[in-house]
Amino acid sequence: MGSNKGALAEYASELASMFREPLQRTRFRGWVASPRWFCPGIQRRLTNMSEATAKPPTILVIDDDAEIRYSLARVLSSRHYEVIEAASGEEGVAVVKRGPPPDLIFMDVRMGGMGGIEALQHIRAASPKQLVVLMTAFGTAQTAIEAMKFGAFDYVMKPFDPAKVLTLAANALQAHADLRAVGDYKPMVNIEDYREGIVGNSPVMQEVFKVIGQVTASDVTVMITGESGTGKELVARSIWKHSHRSAKPFIAVNCAAIPDALIESELFGHEKGSFTGAATQRIGKFELCDGGTIFLDEIGDMALATQTKILRVLQQGEMQRVGGTETIRVDVRIIAATNKDLEEMVKAKAFREDLYYRLNVVRIRMPPLRERCDDIPQIVDFCLQSLVKQRKARVAKVSPEALAVLTRHRWPGNVRELENVVYRSAVIAQGDAILVKDLPAEIRQGAGEPGMPPGGGVGPGGPAPSGESSAAIEPPGGSDLTLTEALDFILGQLKPDEGPVLERVEGALIERALAADGGDEAKASKRLGLSKAALQRRRRQFR
C-alpha cells in the first residue's frame, strides 16, 4: 500500500507542477493524451509498474570483445535490466532464432566472422520487430547509412558514455513497449471506398459530398474555396469523374505557376509568329479540353487582361488564339478554385466583378483540417494503406499516442502537410508502426510529446529526471497521501486567474480519454459516461 501511495503522490506532484508554470502546462497538453497516464487508470499504472519491476526487460549484448560485454552488462544491470551475452554475430543470431527474442539488442559492428550489419539483417529477418542498437568505434557515413538502412534503432559510438547508453536503452525499450501496445491494428477505412481520395466522415465533409453530388448532373460553373492543401483539386476531379463529361479530358491549370506573359498562350494557344519565340502554332488548354472540364486553380492570381478572355469563354463559348483572328467555339465546363478572398479583391478592383459572379454560381468551401480533427485518424489510415499499396512504405499502423499527437496539431498546411508527415514518419519508422518518436520534432514539440511523463523517464531503469522539466512540487505529508488528499493538493496548485479550474481539468480528461481510445469518440464518451453528442459539444466548448 505504501508504494502505491508513493506513486500517487508522485503523480499528484507532477500534475500540479505542470499547471504551475506556462512551459509545464504546455507539456501537460501532451502528457494528458497518454492512455498510460489517464486519471481513472492510476491503479492500472501502478499495476504496470509492479509487473515491470517483477519482470525486468531482457537485453542481449553481442560483441566479440569480452571486456566490452562485461562493461556494458555492468552499466545495464545497474538499472536492473536482465543482460545476456553472445560472443559473436553467429551466436547472437542463434539466440534470437531460438527465442524468446530479447526486448533489446546492443551489437558491435565489426566482429570476427559475421559482422554486425550482416547479423542485423539475419536478426530482422527472423524477428522483424526486433530493436537493435549498433555499437561502433568508426562513426563513418557508410556505417550510419547502412545501420539505418537495414533497420537499426540507433547506433552508439565507442568508447560509450554510460549515461547515454542508459538513456538510449530506456528510449528503445519504451519504443518496444509502444510497438507491443499497438497490437492487432484494424484499418479504419477501406481504401476502395475512397477512390476519389477525399477522406472524411465529419459533418462539414458530408455537406461537401452532398454538393458534389448535386452539381455533377449539370454543367453549372463551380467555385471551390479554401486554404492551400485542403483538397480543392480532388473535389474538382470528383465532379468531373461523376459528370457526363467524364469520357472527355480533365485539365488542371495552376494560374499562379504560369507567368502573366505566358498565361494567355497557355490557355488559348497562339499562332505562328504572333510573338518572339512563337516558331509554330500552339493549341491552348481550352481547345484541348473541348467537351471536357478545365480546372483553373488559384484563379485569384490571374491577370485582369486574361480574366476578360475567360469571361468571354464563359458567356459565349468563344475564344481566339493569341495573334489570331479566327473565332473558335469551345464547349468546356469551368471549375475554378482559390485560397484568396475574391470578394475583397473585387472591392479592391483586383478581380473583375462580372467574372466573379459568373464563376461563383455554386460555391463549395473546403474546410481547413483543424475544423475537422475527427477525420484525422481516417486520413492517416488512408495514407498508410495507400503507401503500402504503392510500395512506398511498409508501415501500416500508427500507435494511439502518435495518433493523438497528430490529432492535436493545428496543420497550417492542412491535408497536404498531414500526408507529407505520415509519409516521412512511415519511412523513418523502424518497427511495423509509427510511434511518437518517428514524428517530426516540430510536430512532437508542438503537441508536448504525449506518452512521456515529465522529465522523460521511461520504464524501469529509465533515466532520472533532470533539468527544468523534472522540477516537481513536493506535496505536504510526503508519500502518505490518500486519493482525496492528492486531489486537494492538485486543486490547491491551480490558479483561478489562469482560467476556470473545472473547464481546464474536464477538457484535459476528455482529450486524454480520446487518446486512450485511439480517437474513437464512441468509446471515449462511454468511458466518461457521456453521450457522443455531449462529448463533441464539450470538446468544442473547451477549444
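Description of the structure in this document. All values derive from a computational prediction rather than experimental measurement.

### Section: the pattern of salt bridges
Note that side chains of opposite charge can pair when their charged atoms are close. Within this structure, the stated rule accounts for 22 salt bridges. The salt bridge partner of Glu287 is Arg321, with a shortest N-O separation of 2.8 Å. One end of the pair, Glu287, is in helix α12 (residues 285–288); the other, Arg321, is in the loop between β11 (318–319) and β12 (328–329), and 34 residues separate them in sequence. Look at Glu287 and you get buried, because its relative accessible area is 19%. Accessibility expressed as a relative area gives 11% for Arg321, which makes it buried. With a shortest N-O distance of 2.6 Å, Arg352 and Asp354 are connected by a salt bridge. For Arg352, a relative accessible area of 27% translates into the label partly exposed. Salt bridges sharing common partners tie together Asp63, Asp108 and Lys158.

### Here we look at the pairing of strand β6 (residues 222–225)
Both faces of β6 are covered, namely the face carrying Val222 and Ile224 and the face carrying Met223 and Thr225. Of the pairings in the sheet, the one linking β6 to strand β13 (residues 333–338) comprises 4 bridges and is parallel in character. Looking at β13, one finds that Met223 is bridged to Ala336. Direction of pairing for β6 relative to strand β14 (residues 362–365): parallel, over a ladder of 4 bridges. Bridging across to β14, Ile224 finds its partner in Ile364.

### Here's the deal with the packing of helix α21 (residues 501–516) against helix α22 (residues 521–528)
Running from N to C, α21 and α22 point in directions that differ by 125 degrees, and their axes come no closer than 8 Å. Judged by the inter-axis angle, α21 sits oblique to α22. Seen from above, α21 lies across α22 with right-handed handedness. Along its contact with α21, which presents Leu509, Ile510, Ala513, Leu514 and Ala516, the element α22 presents Glu521, Ala524, Arg527 and Leu528. Taken together, the residues of the contact of α21 with α22 break down into 7 nonpolar, no polar and 2 charged.

### Brief notes about empty space enclosed by the protein
Applying the stated criterion to the full structure yields 2 cavities of 30 Å³ or more. Estimates place the volume of the largest cavity at around 160 Å³. Lining the largest cavity are 15 residues, and of these Ala404, Thr407, Leu514, Gly519 and Arg539 lie nearest its centre. Those elements that place two or more of their residues in the lining of the largest cavity are α17 (400–408) and α21. When residues in the lining of the largest cavity are grouped by element, the largest group, 5 residues, is from α17. Residues belonging to the lining of the largest cavity are distributed by class as follows: 7 nonpolar, 3 polar and 5 charged. Of the volumes computed, that of the second largest cavity is approximately 30 Å³. For the second largest cavity, the full set of lining residues is Leu131, Phe153, Ala175, Leu179, Gln430, Gly431, Ala433, Leu435, Lys437 and Asp438. Looking at the lining of the second largest cavity, its residues break down into 6 nonpolar, 2 polar and 2 charged.

### Overview of the sheet that holds strand β10 (residues 293–297)
Across the sheet, 5 strands lie side by side as β7-β10-β13-β6-β14; this open sheet has parallel pairing. Edge positions in the sheet fall to β7 (250–254) and β14, since each of these pairs with one other strand and no more. Strand-to-strand twist of the sheet, defined as the mean angle between neighbouring strand axes without regard to direction, takes the value 20 degrees. With 4 bridges connecting them, β10 and β13 associate as parallel partners. Bridge pairing links Leu296 to Ala336 in β13. Sheet strands in contact with helix α9 (residues 203–215) are β6, β13 and β14, and its direction is about 150 degrees off that of β14.

### Describing the packing of aromatic side chains
Per the counting criterion, the structure on display carries 4 aromatic pairs. Here Trp240 and Phe250 contribute two aromatic rings whose centre-to-centre distance is 5.4 Å and whose plane-to-plane angle is 40 degrees, an arrangement assigned as tilted. With Trp240 in helix α10 (residues 232–241) and Phe250 in strand β7, this pair connects stretches of sequence that are 10 residues apart. You can call Phe250 buried: its relative accessible area is 12%. Through a chain of ring-to-ring contacts, three or more aromatic side chains come together here, namely Trp240, Phe250 and Phe295.

Thresholds applied
- Residues numbered from 1 in each chain as written.
- Predicted model: local features only at pLDDT ≥ 70, side-chain atom pairs only at ≥ 80, totals over all residues.
- Heavy atoms only, no water.
- Salt bridge = Lys/Arg side-chain N within 4 Å of Asp/Glu carboxyl O.
- Helix = DSSP H or I, 4+ residues; strand = E, 2+ residues; numbered from the N terminus.
- Buried < 20%, exposed > 50% of the residue type's maximum accessible area, 1.4 Å probe, protein only.
- Pairing = 2+ DSSP bridges.
- Axes fitted to C-alpha atoms, helices over the stretch in contact; angles between N-to-C directions.
- Parallel < 35°, antiparallel > 145°, perpendicular 65-115°, else oblique.
- Left-handed = near helix turned anticlockwise from the far one by under 90°.
- Contact = heavy atoms within 4.5 Å.
- Nonpolar A, V, L, I, M, F, W, Y, C, P; charged D, E, K, R; others polar.
- 1 Å grid on protein atoms, 1.4 Å probe; cavity = no way out; pocket = protein on both sides within 12 Å on 5 of 7 lines; lining within 4 Å.
- Points joined across faces, edges and corners; volume = space filled by probe spheres on them.
- Phe/Tyr/Trp six-rings, centres within 6.5 Å; stacked < 30°, edge-to-face > 60°.

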